[in-house]
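# Commentary on secondary and tertiary structure
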Amino acid sequence: MDCHMKPVWRRLRKRVFGAWLLLVLAPVAAKGQDAPVVKALTSPPIVIAHRGASGWRPEHTIASYDLAISMGADFIEPDLVLTKDNVFVARHENDITGTTDVASHPEFAARKKTKIIDGESHSGWFTEDFTLAELKTLRARERLPLIRAGNTQYDGQFQIPTLAEIITLAKTRSKETGRTIGIYPETKHPSYFASIGHPMEARLVAQLKAAGWSTAAAPVFIQSFEVNNLKALHRMTGIRLIQLMDATGGPADGAQPSYAAMATPGGLEQIATYAYGIGPNKAMIQDGDALPTNLIIDAHKAGLRVHPWTFRAENMFLPPSMRVGESPAEHGQVEKEIRRFILLGVDGFFTDYPDIGVETRKAMAR
């Protein structure tokens, strides 16, 4: 850290949950060089454990979420899909072919299907075709075995968790640690689930309300790549909502023509009518080592918080300037990328490595 920045960060450390005021330099040029900018930080960025500590354990397992909490994450993030009997469970997709051992269960062989989901064809096994009791007979597997070979040692050890189990974990660990552990659920394919008779919104709101969470003060964010899903939730609950956006394409419900249009100043103002913030693909803020866009500045002007995704340690996910070695699976310098985005002014960030995220934030406050 530059010498002239150190006194400021020391003051920030002393006022972790107070008003942070810091003029920063954003590392933006092609070789990771700094350039003058940007904005004043108003709060410490939150660390969101993306599918748990998914760099260290198979994603969306209680073991992954629990490890993330131990590493100091502020929020744990479950992707939510529904079972045949309308129970929320945590899976990256409703297609569980690659994240469970379902293919090795002969009793479920006949349930393999081909479906069109959000306009794309998928062949495999799907949560909506299984009851919770049936899903509980399956075991989780590492989704990226070629990149995270170390995680494959845990294949077959963990069940698919329910949202209820994740809520219980967050509350129990909050009591044990003395700090509030939040949850950051994503509704996966809500319009698809509605089309097959499994609407998500009312069920999710009711379950969160039963947990004591229904206002903006709750340690909860609900996120979605779709628009109408969030607008419906906005009418049902006071819980903070996050509009996810990708660097390409648009929402599957067709409510907006593209994410690019939603990322304009006018588009962000529309999002602010129903959402608390945005969760953009990090490339929408800074694509590799290119110059940053104005997305953070424009979003803040619209009154929106910014929580980009996803910070991963492997070379294949990092800008060229931060890679180490030649292997795509080798760990590079993700802490530099996280630092870069904190200095650009993000209000939080998703990471598969919450330990690195927490340590980077802590180091910057020294």
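Residues numbered from 1 in each chain as written. Predicted model: local features only at pLDDT ≥ 70, side-chain atom pairs only at ≥ 80, totals over all residues. Heavy atoms only, no water.

### Comments concerning the overall build of the protein
- The secondary structure content of the protein amounts to twelve helices and 15 strands.
- Within the protein, the proportion of its 366 residues that are buried is 52%.
- Excluding contacts between residues fewer than 6 apart, the proportion of contacts in the protein whose partners are at least 24 apart in sequence is 65%. (Helix = DSSP H or I, 4+ residues; strand = E, 2+ residues; numbered from the N terminus. Buried < 20%, exposed > 50% of the residue type's maximum accessible area, 1.4 Å probe, protein only. Contact = heavy atoms within 4.5 Å.)

### Some words on the pattern of salt bridges
- As enumerated under the stated definition, the model contains 20 salt bridges in all.
- One salt bridge in this structure joins Glu134 and Arg111, with 2.7 Å as the shortest N-O distance. Of this pair, Glu134 sits in helix α3 (residues 132-135) while Arg111 sits in the loop between β6 (88-90) and β7 (113-117), and the two are 23 residues apart along the sequence.
- Among the ionic pairs, Glu337 bridges to Lys282, the shortest N-O distance being 3.0 Å. With Glu337 in helix α11 (residues 334-344) and Lys282 in the loop between β13 (277-280) and α10 (295-301), this residue pair connects regions lying 55 residues apart in the sequence.
- Overall, Lys282 belongs to the buried group, its relative accessible area being 11%.
- Among the charged side chains, a network of salt bridges with common partners joins Arg51, Glu59, Asp79 and Arg143. (Salt bridge = Lys/Arg side-chain N within 4 Å of Asp/Glu carboxyl O.)

### Quick look at the pairing of β13
- On β13, burial covers both faces: Gly277 and Gly279 on one face and Ile278 and Pro280 on the other are all buried.
- Across four bridges, strand β12 (residues 240-245) lies against β13 in parallel orientation. Counted as the bridge partner of Ile242 is Gly277 from β13.
- For the handedness criterion, the β-α-β arrangement of β13, α10 and strand β14 (residues 305-306) is classed as right-handed. (Pairing = 2+ DSSP bridges. Right-handed = clockwise from strand over helix to strand, strands pointing away.)

### Some points on the nonpolar core
- Counting 77 residues, the largest nonpolar core has Ile76, Ile183, Leu208, Trp213, Ile271 and Ile278 as its most contacted members.
- Top contributing element to this core by residue count: α11, with six residues.
- When neighbours within four sequence positions are excluded, Trp213 is seen to be in contact with Ile167, Lys171, Ile183, Leu208, Ala218, Pro219, Val220 and Ile239.
- Ile46, Phe75, Leu244 and Phe350 belong to the second-largest nonpolar core, a separate cluster that totals nine residues. (Core = buried A, V, L, I, M, F, W, Y, C linked by side-chain atoms within 4.5 Å.)

### Digging into the sheet that holds strand β4 (residues 75-77)
- Here we have four strands laid out as an open sheet, ordered β9-β4-β3-β15, and parallel in their pairing. Two strands in the sheet have a free side with no partner beyond their single neighbour: β9 (182-183) and β15 (348-351).
- In the sheet, β4 pairs with β9 via two bridges, with the strands oriented parallel. Paired with Phe75 across the two strands is Gly182, which belongs to β9.

### Digging into the packing of helix α2 (residues 62-70) against helix α4 (residues 163-177)
- The contact between α2 and α4 brings their axes to 11 Å, and the two run at 25 degrees. It follows from the interaxial angle that α2 and α4 lie roughly parallel. In the crossing of α2 with α4, the sense of the turn from one axis to the other is right-handed. Residues Ile62, Tyr65, Asp66, Ile69 and Ser70 of α2 form the contact with α4, whose own contacting residues are Glu165, Ile166, Leu169 and Arg173. (Axes fitted to C-alpha atoms, helices over the stretch in contact; angles between N-to-C directions. Parallel < 35°, antiparallel > 145°, perpendicular 65-115°, else oblique. Left-handed = near helix turned anticlockwise from the far one by under 90°.)

### Details of unusual backbone geometry
- The omega torsion across Trp309 and Thr310 is -15 degrees, close enough to zero to call that bond cis.
- The residue Thr310 is located in the loop between β14 and α11 in this model.
- Although it is not a glycine, Asn86 adopts a positive phi angle of roughly 60 degrees.
- Mapped onto the elements of the fold, Asn86 is located in the loop between β5 (79-82) and β6.
- Owing to a relative accessible area of 27%, Asn86 belongs among the partly exposed residues under this scheme.

### With respect to the packing of aromatic side chains
- All told, the structure shown has 13 aromatic pairs when counted by the stated rule.
- Taken together, a centroid distance of 5.8 Å and an interplanar angle of 45 degrees make the contact between Phe221 and Tyr276 tilted. Separated by 55 residues along the polypeptide, Phe221 in strand β11 (residues 221-224) and Tyr276 in the loop between α9 (265-271) and β13 bring together distant segments of the chain.
- Given a relative accessible area of 25%, Tyr276 falls into the partly exposed group.
- Look at Phe225 and Tyr259: their rings are 6.2 Å apart centre to centre, the planes differ by 65 degrees, and that puts the pair in the edge-to-face class. Taken together, the residues span a long stretch of sequence, with Phe225 in the loop between β11 and α7 (228-236) and Tyr259 in helix α8 (residues 259-262) at a distance of 34 residues.
- Given a relative accessible area of 5%, Tyr259 falls into the buried group.
- Aromatic ring contacts, followed pair by pair, group Phe75, Tyr184, Phe221, Tyr276 and Phe350 into a single cluster.
- Above the plane of the ring of Phe130 lies Arg111, whose end atom (NZ or CZ) is 5.0 Å from the centre.
- Positioned over the ring face of Phe317 is Arg312, at 4.8 Å from the centre of the ring. (Phe/Tyr/Trp six-rings, centres within 6.5 Å; stacked < 30°, edge-to-face > 60°. Lys NZ or Arg CZ within 6 Å of the ring centre and 35° of its normal.)

### Looking at the confidence of the model for the protein
- Residues at a pLDDT of 70 or more form 89% of the protein, whose mean pLDDT is 91.
- Looking over the protein, one finds the lowest element-wise mean pLDDT in strand β1 (residues 23-27), namely 32, and the highest in β6, namely 99.
- Low confidence marks residues 1-41, where pLDDT is under 50. Its contacts with residues over four positions away, or in another chain, come to 88 contacts. (pLDDT = per-residue confidence, 0-100.)

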